[in-house]
Amino acid sequence: MNRFILIIITIFIFAASLSAGIYVELGNEIKIPLPDNWIVATDGGDFPFQLVDTNLTSDIMIFKSEIPPSEIITNDEALKQSVQGVIDEVILSLPEARILSNTGYFEKYRTGFVLEFLSFDTVNVITLRHRLLGFIYLHPDGHQLLFTVWAKSGEDTYPAVENSIKTIQDGFNYSGPRTGDVFNPSRGVPTYLYLILFMLLGLFFFMRARQLQRSRVRFEDDEKFWRCECGRLNPLHQASCRRCGRYKIPQQYSS
């Protein structure tokens, strides 16, 4: 969860430092609808990307981050805790922040969250309305990809751009490598399971060899020793048992 929160904090810091249709492809792996009166404001093919409306009242930042295999989100409860951590440690630290809605979602191949909140811009002295979407995919290599699509506008201007913002965010599409199940991927057998299987097979063959060895010893015992009723083996020339003193009983043969 700490890694997840750190990613969101980094996104907020970076975005705060920036001035704040048709489908367009960004970074050779995502596509988004671009409504009229919106343009891509950043050059180059690397994240983050910035979209702005032509009236310069609103903008959308798109970030990409990686969650390492040791910290991936594996169920709804883990997602809920991570998002709550973002709210408590990041969003509520903004001036006059207030949460409007907090929604998680699961679509099998991806999961994520939608946060809507207000904050106060102390530079421009206005209240900002935010809509933050997170999209999480599981990469075949074992790490998760987190795409954050963060929209913000002045509270007064937000109603005029709300539909455009939702069109862009809800139309987000990642076309890169991903598994079919973000929580329970269909993978090959993990290496450690192969190791366990190898150890079990080794144990099986070891026990099998011991059993065969004991069988051979028992066969030789019958040739060179006699076994007393108490269970002790005695040489054939020994007339009485070395443990309990019983005498060897001659073997009887039927005619």
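Above: the structure in question.
Residues numbered from 1 in each chain as written. Predicted model: local features only at pLDDT ≥ 70, side-chain atom pairs only at ≥ 80, totals over all residues. Heavy atoms only, no water.

Chemist: I keep staring at the packing of aromatic side chains and nothing clicks. Help me out?
Modeler: Two aromatic rings, taken as a pair, are described by how far apart their centres are and by the angle between their planes. Counted by the stated rule, this structure contains ten aromatic pairs. Relative to Phe-183, the ring of Phe-106 lies with its centre 5.1 Å away and its plane at 5°, an arrangement referred to as stacked. With Phe-106 in strand 6 (residues 98–106) and Phe-183 in the loop between strand 10 (173–174) and helix 4 (191–224), the pair connects residues that are 77 residues apart, well separated along the chain. Residue Phe-106 is classed as partly exposed on the basis of its relative accessible area of 43%. Among the residues examined, Phe-183 registers a relative accessible area of 11% and is labelled buried. Between Phe-147 and Tyr-174, the aromatic rings sit 5.1 Å apart at their centres with planes inclined by 40°, giving tilted as the arrangement. One end of the pair, Phe-147, is in strand 9 (residues 144–154); the other, Tyr-174, is in strand 10, with 27 residues separating them in the sequence. When sorted by exposure, Phe-147 lands in the same class as Tyr-174, which is buried. One cation-aromatic arrangement involves Lys-152 over Trp-150; the distance from NZ or CZ to the ring centre is 4.8 Å. (Phe/Tyr/Trp six-rings, centres within 6.5 Å; stacked < 30°, edge-to-face > 60°. Helix = DSSP H or I, 4+ residues; strand = E, 2+ residues; numbered from the N terminus. Buried < 20%, exposed > 50% of the residue type's maximum accessible area, 1.4 Å probe, protein only. Lys NZ or Arg CZ within 6 Å of the ring centre and 35° of its normal.)

Chemist: Help me out: how do you make sense of the environment of Glu-29 in this one?
Modeler: Relative to the helices and strands, Glu-29 is located in the loop between strand 1 (22–26) and strand 2 (30–34). Between the C-alpha atoms of Glu-29 and Tyr-174, which are 145 residues apart in sequence, the distance is 5.8 Å. Aside from chain neighbours lying at most four places away, what touches Glu-29 is Phe-47, Lys-64, Phe-147, Asn-173, Tyr-174, Ser-175 and Gly-176. (Contact = heavy atoms within 4.5 Å.)

Chemist: What is the right way to read the pattern of salt bridges from this model?
Modeler: Evaluated as defined, the whole model comprises eight salt bridges. Note that Arg-131 is salt-bridged to Glu-116, the shortest N-O span being 3.8 Å. With a gap of 15 residues between them, Arg-131 in strand 8 (residues 126–138) and Glu-116 in strand 7 (residues 111–121) connect regions that are remote in the sequence. Residue Arg-131 is classed as buried on the basis of its relative accessible area of 9%. (Salt bridge = Lys/Arg side-chain N within 4 Å of Asp/Glu carboxyl O.)

Chemist: It is not clear to me how unusual backbone geometry should be interpreted in this structure. Could you clarify?
Modeler: Across the chain, the bulk of peptide bonds are trans and the bulk of non-glycine residues have phi less than zero. Residue Pro-48 is reached from Phe-47 by a cis peptide bond, and omega for that bond is 0°. Mapped onto the elements, Pro-48 comes out in the loop between strand 3 (38–40) and strand 4 (49–53). Although it is not a glycine, Asn-37 adopts a positive phi angle of roughly 75°. Assignment of secondary structure puts Asn-37 in the loop between strand 2 and strand 3.

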